[in-house]
Amino acid sequence: MDQTQQPIPIRGPSRSAERAPAPDLARGMMLLLISFANTPLYLWATTHSLSSNHPVGEGTLDNAVSAVLIVIADLRVYPMFAFLFGYGIVQLYRRQQAAGVSEADARALLRRRNLLLIAFGAVHALLLWYGDIIGAYGLVGLILVALFLRRSDRTLLTWAGIGTGLLVVLAVLSTVGAFFAAGAAGADGGQAASAASPAADSEFMMAPIAEENPLWAAVLRIAFWPTVVIGQGLLSVAVPTAIVLAFWAARRRILEEPWNHLPLLRRTAVIGIAVGWLGPVPNALDHLGVIAVPDTVSWVFWPVQLATGLVGGIGYVALFGLIGARLRGRPMGAVGSAVAAVGKRSMSCYIGQSVLCAPILAAWGLGLGAHMGSAAMALYAAGVWLATLVFAVVLERAGKRGPAEVALRRLAYRRTTAEPSEPTAPTGSGSGSGSAGSAAEPDSTTR
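Since the structure is predicted, the reported quantities are computational estimates derived from the model, not experimental observations.

A. Representation of the overall build of the protein chain in the model. Helix and strand content of the protein chain: 17 helices and 0 strands. In the protein chain, buried positions account for 55% of the 447 residues. Here the analysis covers contacts within the protein chain between residues at least 6 apart in sequence; of these, 85% occur between residues at least 24 apart. Working note: accessible area of the protein chain is about 18,500 Å², and carbon and sulfur atoms make up 68% of it.

Take a look at the structure:
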């Protein structure tokens, strides 16, 4: 054995030709739902519901828009992107293994990237958006890579099942508890308590956006951010569960070779989306005033949203896996290519949403959020997504990555040499379009 052999340098980022279409399409399209889910928080002059992030007391159209978003977007996007994030971790790790990079160096790369995500998230929160999810994914990725990256398939599925089971049990117990609590309040004539205004809770939640002083608003954002990172990243259970499940799925190349997993993808898409959309219906009906849930027990909707959101988010992933199978050997077309361009630059486009929202809508900026309702805000959210789509397409045609991706890759791949002329496929890769390389890279991280 040659003792003078030098360590193999870390392999550089994947090329566009190496990417499977399904994850990019999924991230690009889901960024629209992210915009829909985030922008209601910029309606800072209104009182928000205790059971959702949406304003109460609006008109019929505004309430209807909020109800639709409660069903299709709220707490459904977190687990979906968490799954893609976890999937990309395994793909990046396998690319390094296939290139002959040592275990220590590959893990160091993953650790460095996750630490950088935490740093990027902190800057994002300080400057623009306290609801940042980039840091949360970085924290969870840091922990789960250390605990689960090399564990057996059986262990991964067991822990994914435990996480899902915890969410389901929490939702069931919360529903039962809320039922008895509402009955007890009614028997005691507790109408005053149930009719209490959620203004105090809403005011606390909206403080970083409703603050007019830019410097103090930044202090509030960075003060709120650690709670968001820990709460959304770890305590929600849904995000780590989705990532662990993604570790298992990535080993089977389910998104790179979806045509080999059609029965699984079909079942997951149908069941996942059905559960994901039916679960929030009571919450949506309560928001519309069709049913009346006392404010004292309106918290019941959060655990139900989390449990069904995990299932719904995985269902969304499966749906785009089916779309990827359909696209095998076919061009995506202009619309598909544009959406995929957003997905390839998802972190840049996610931060871009904050750039187009915070200074314009928040009280410390132009404050336009005080003059809009939910329907107008949904239109604004769609416009923001379209603006990022145009930005992504321009970069795609110029052959350039997003600025956030460029910055992250330069820092993470600091020891990388020039890329090989021919991309190296991971061990066990199959034939077909997009079968090699990273399907969903960890730096493509969004809420």
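Continuing now.
B. Up close: the layout of surface pockets. Of the pockets and cavities examined, the second largest pocket occupies roughly 440 Å³. Along the wall of the second largest pocket there are 20 residues; nearest its centre are Phe83, Leu245, Leu264, Thr268 and Ile314. At the level of secondary structure, the elements contributing two or more residues to the lining of the second largest pocket comprise α6 (153-187), α10 (238-251), α11 (262-278) and α13 (301-326). Classifying every residue of the lining of the second largest pocket by side-chain character gives 16 nonpolar, 4 polar and no charged.

C. Region of the structure containing the packing of helix α15 (residues 346-361) against helix α16 (residues 374-398). Here α15 crosses α16 at 135°, and the two axes come no closer than 9 Å. Of the possible angle classes, the one that applies to α15 and α16 is oblique. Pair α15 / α16 crosses with right-handed handedness. Only Met377, Tyr380, Val384, Trp385, Ala387, Thr388 and Ala392 of α16 make contact with α15, whose side of the interface consists of Cys349, Gln353, Leu356, Cys357, Ile360 and Leu361. Among the residues forming the contact of α15 with α16, the class breakdown is 11 nonpolar, 2 polar and no charged.

D. Region of interest: empty space enclosed by the protein. Applying the stated rule across the entire model yields 4 cavities of 30 Å³ or more. In this structure, the second largest cavity occupies an estimated 70 Å³ of space. Together, Ser35, Asn38, Thr39, Tyr42, Trp129, Tyr350, Gln353, Ser354 and Cys357 line the second largest cavity. If you list the elements that add at least two residues to the lining of the second largest cavity, you get α1 (21-38) and α15. Ranked by the residues each element gives to the lining of the second largest cavity, the list is headed by α15, at 4 residues. Per-class residue counts for the lining of the second largest cavity are 4 nonpolar, 5 polar and no charged.

E. A nonpolar patch on the surface, seen in detail. On the surface, a cluster of nonpolar side chains totalling about 480 Å² of accessible area is made up of Leu278, Val281, Leu285, Leu288, Val290 and Ile291. Counting residues per element, the nonpolar patch draws most heavily on helix α12 (residues 281-288), at 3 residues. Among the secondary structure elements, leucine 288 is positioned in helix α12.

F. Quick peek at the side chain of aspartate 286. Note that aspartate 286 resides in helix α12. Buried and unpaired, aspartate 286 has arginine 76 as its nearest opposite-charge partner, separated by 15 Å. Contact partners of aspartate 286, with chain neighbours within four places excluded, come to Ser51, Ile291, Ala292, Val293 and Phe301.

Calculation notes
Residues numbered from 1 in each chain as written. Predicted model: local features only at pLDDT ≥ 70, side-chain atom pairs only at ≥ 80, totals over all residues. Heavy atoms only, no water. Helix = DSSP H or I, 4+ residues; strand = E, 2+ residues; numbered from the N terminus. Buried < 20%, exposed > 50% of the residue type's maximum accessible area, 1.4 Å probe, protein only. Contact = heavy atoms within 4.5 Å. Areas by Shrake-Rupley, 256 points an atom, 1.4 Å probe, with all protein chains shown as cover. 1 Å grid on protein atoms, 1.4 Å probe; cavity = no way out; pocket = protein on both sides within 12 Å on 5 of 7 lines; lining within 4 Å. Points joined across faces, edges and corners; volume = space filled by probe spheres on them. Nonpolar A, V, L, I, M, F, W, Y, C, P; charged D, E, K, R; others polar. Axes fitted to C-alpha atoms, helices over the stretch in contact; angles between N-to-C directions. Parallel < 35°, antiparallel > 145°, perpendicular 65-115°, else oblique. Left-handed = near helix turned anticlockwise from the far one by under 90°. Patch = residues over 30% accessible without salt bridge, like charges linked within 9 Å, V, L, I, M, F, W, Y side chains within 5 Å. Salt bridge = Lys/Arg side-chain N within 4 Å of Asp/Glu carboxyl O. Lys, Arg positive; Asp, Glu negative; His and termini not counted.

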